[in-house]
Amino acid sequence: MLARLEGVGKKYQTGDQTIVALQATDLELRAQELLLIIGPSGSGKTTLLSLIGCVIYPSFGELYVDGHHVNRMRANELAQLRLRTVGFVFQQFNLLAPLTAAENVAVPLKLQGLPGATIRKRVDEALEMVGMTDRRKNLPKQLSGGQQQRIAIARALVSDPKIILCDEPTGSLDKDSFGVVMTELRQLAKDGKSVAVVTHDPRLAAYADRAVEVKNGYVNHVEIEALKS
Amino acid sequence: MLKDAFKFMWFDKAKMFGILFGMVLSVFLVGQQVMIALALLGSTVSLATYNQQYIWVVSPKSTQVTDLPSLDMRIARELQSVEGVAAVHPLIFSGGTLKFPDGKKYQLSLIGTEAPTFAGGPWNVRAGNPMDMLSAGGLFLDQANTEYGSRVRIGDYVEFNGQKMRIVGRTDHTEGLGVPYAFTSIEKARSLTNFPVTEASAFLVEWDTSYQIPQVVDAINRVIPNVRATSGPEFRSSSLAYYATSSGIVASFGLLVVFAIITGFSIVGLTMYSAVSDRIKDYGTLKAIGATNGKIRRLILFQSSMYAVSGFAIAYGLLVFFIRATQGSLQLELTAWLSYTLVGVTLMIALLGSLFGMRKITKLEPAAVFR
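Residues numbered from 1 in each chain as written. Chains lettered and ligands numbered in written order. Predicted model: local features only at pLDDT ≥ 70, side-chain atom pairs only at ≥ 80, totals over all residues. Heavy atoms only, no water.

1. As for the pattern of salt bridges
So, step 1. What the rule picks out here adds up to 23 salt bridges over all chains.
So, step 2. The closest approach of N and O atoms between A:D160 and A:K193, which form a salt bridge, is 2.4 Å. Of the two residues, A:D160 is situated in the loop between α5 (145-157) and β7 (163-167) and A:K193 in the loop between α6 (175-190) and β8 (194-199); the sequence distance between them amounts to 33 residues.
So, step 3. Since its relative accessible area comes to 13%, A:K193 is described here as buried.
So, step 4. The partner of B:D282 in a salt bridge is B:R279, with the nearest N and O atoms 2.6 Å apart.
So, step 5. Among the charged side chains, a salt-bridge network with shared partners connects A:E28, A:R30, A:E33 and A:R210. (Salt bridge = Lys/Arg side-chain N within 4 Å of Asp/Glu carboxyl O. Helix = DSSP H or I, 4+ residues; strand = E, 2+ residues; numbered from the N terminus. Buried < 20%, exposed > 50% of the residue type's maximum accessible area, 1.4 Å probe, protein only.)

See the structure below:
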């Protein structure tokens, strides 16, 4: 079990109004599994992803990630946990514009303070894994959307995290890139990672092992076969 | 991290040059204004600065080194009798008009000193022997004076207060606040300025080295009425303090320095803030990936340090160029303490300027990257 949510929810205070973005949720993330989180815009799926990714604290309930009780951790400890345990893939890729592809991939390793030789070796491996070795010196603006997303996946993988969280990873991609990226994510799950993908695109069901639907802040399990059909 | 910080800077060249411009402008202006203020203040007390090896005995009414109401010459004999006094040298400080053969006239302060020691001047002698001042009409003039310095040639004749004088020596940067100094023998100075033989402007006292200076100073002040004796360094300091408080030099230049710092701080701070705002998505991504606030602050600090180092280097180079360009007119000096102060000012501008950006990033929630 890589992540466990026990009655976890999130609410925000806006003036006098309390908005519940995510109702009390029980959910588990397992290794070797690609979990699909589907639902319409504003339903709370990104909030769920942010909670699993230790980017925000739960307002209520107990959250455990890689054996750590997130509720009790301080912000800096949470950052360390994200750095070592979670890899993020964003819809807009979020590559750092001033850095080359290889430098972008190296960022998590530099943040961990690893030695230069180790960083170079692991960056080479990660770029090779996503087939982008020949683009290592390109800036993000010199890459296509699909290529940028593969660099983003290499960055998410390079520190060998147990959990990979993807926020609409195919939202900005064309049909060809869509297939390449999803095949890579599927392979990562097979290799032992726990991959969670937020999307409103039902085509992704073909790559998933399990799915949950988020609606108005409520999380419900859905049959994957039903989604495929 | 340093390389990444540089890449963040280099990526937005317009902002990088904007920040550097603010830094250089501010540091250069601070250095330039402080140097000019110090040069002006230094010139006001140059007579005291170059004669700090004596105890100065002046009228109690004297406010500073160029304000020297006359003293009775008999005081010289009284001073000789004070315990610890080794020698007494009278000095004449007066004014007059220097006239070149082409008819051009200049206002000067004339300093008359006594042979053979010539205590009180000339100093910074570049050519000639002070003993030649004893020859008929021997005069030392400042070769660095912007108006007539180039015409100061030994052997040439000029007029001082209508009397024919011969240039026998050249000095370098011997001037008060806007008024150049000329030197001659004390006898000739009396004759040129109608200064009574029974009076002197000040007495420069040498002391017996077996005595401490404060002892001799106290003895003079105790024994001789209506004079004020002070050590050379003390007289210089009190003269400097007088000019600093009464002339407005410190106030006006100080205000310019403050404005220069505020201007630099504003340009650097706002441009850095804007640079951080432009890259807020990148910083948010770093936070989401797992960078702590401390690590991102370090990234910003690396950038501001690089701005500080390069900004200081450029500003320092410009200051050295400015000193060379104004060598003839101003005696500017980039002293060690001023250099250290400028390093401090640069670091302060860089660090304070980066605070706005750091504050914005510290407040940034990593979850913002998903919105």
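The structure having been displayed, the exposition proceeds.
2. What about the confidence of the model for chain B?
So, step 1. Residues of chain B with pLDDT of at least 70 account for 99%, and the chain-wide mean is 90.
So, step 2. Reported for the predicted complex are a pTM of 0.78 and an ipTM of 0.90. (pLDDT = per-residue confidence, 0-100.)

3. A few points about helix α6 (residues 213-223) of chain B
Residue and element names in this part refer to chain B.
So, step 1. Within α6, burial applies to V216, V217, A219 and I220. One side of α6 carries all its buried residues, which in axial view fall inside an arc of 160°. Exposed residues lying more than 90 degrees from the buried face of α6 are P214 and R222. (Arc of directions from axis to C-beta.)

4. Regarding unusual backbone geometry
So, step 1. Cis geometry is found at the peptide bond from B:A115 to B:P116, where omega equals 0°.
So, step 2. Within the element layout of this structure, B:P116 appears in the loop between β4 (105-113) and β5 (125-127).
So, step 3. The backbone of A:Q32 sits at a positive phi, close to 55°, despite the residue not being glycine.
So, step 4. By the element assignment, A:Q32 lies in the loop between β2 (17-29) and β3 (33-38).
So, step 5. A residue is classified by how much of its surface remains accessible, and A:Q32, at 52% relative accessible area, is exposed.
So, step 6. With a phi close to 50°, B:F118 is a non-glycine residue in the positive phi region.
So, step 7. Relative to the helices and strands, B:F118 is located in the loop between β4 and β5.

5. Details of the nonpolar core
So, step 1. Core analysis: the biggest nonpolar cluster contains 77 residues, and B:Y283 and B:L286 have the highest contact counts within it.
So, step 2. If you tally residues by element for this core, the top one is helix α2 (residues 13-44) of chain B, at 14 residues.
So, step 3. Here this core gathers at least three residues from each of two domains, domain 1 (2-43 + 248-370) and domain 2 (60-226) of chain B.
So, step 4. Those residues within four positions of B:L286 in sequence are excluded, and the remaining contacts are A:L96, A:V107, A:L111, B:A291, B:I296 and B:L299.
So, step 5. Within the second largest apolar cluster, 42 residues are counted, among which are A:A156, A:V158, A:A189 and A:A208. (Core = buried A, V, L, I, M, F, W, Y, C linked by side-chain atoms within 4.5 Å. Domains from an automatic or database assignment. Contact = heavy atoms within 4.5 Å.)

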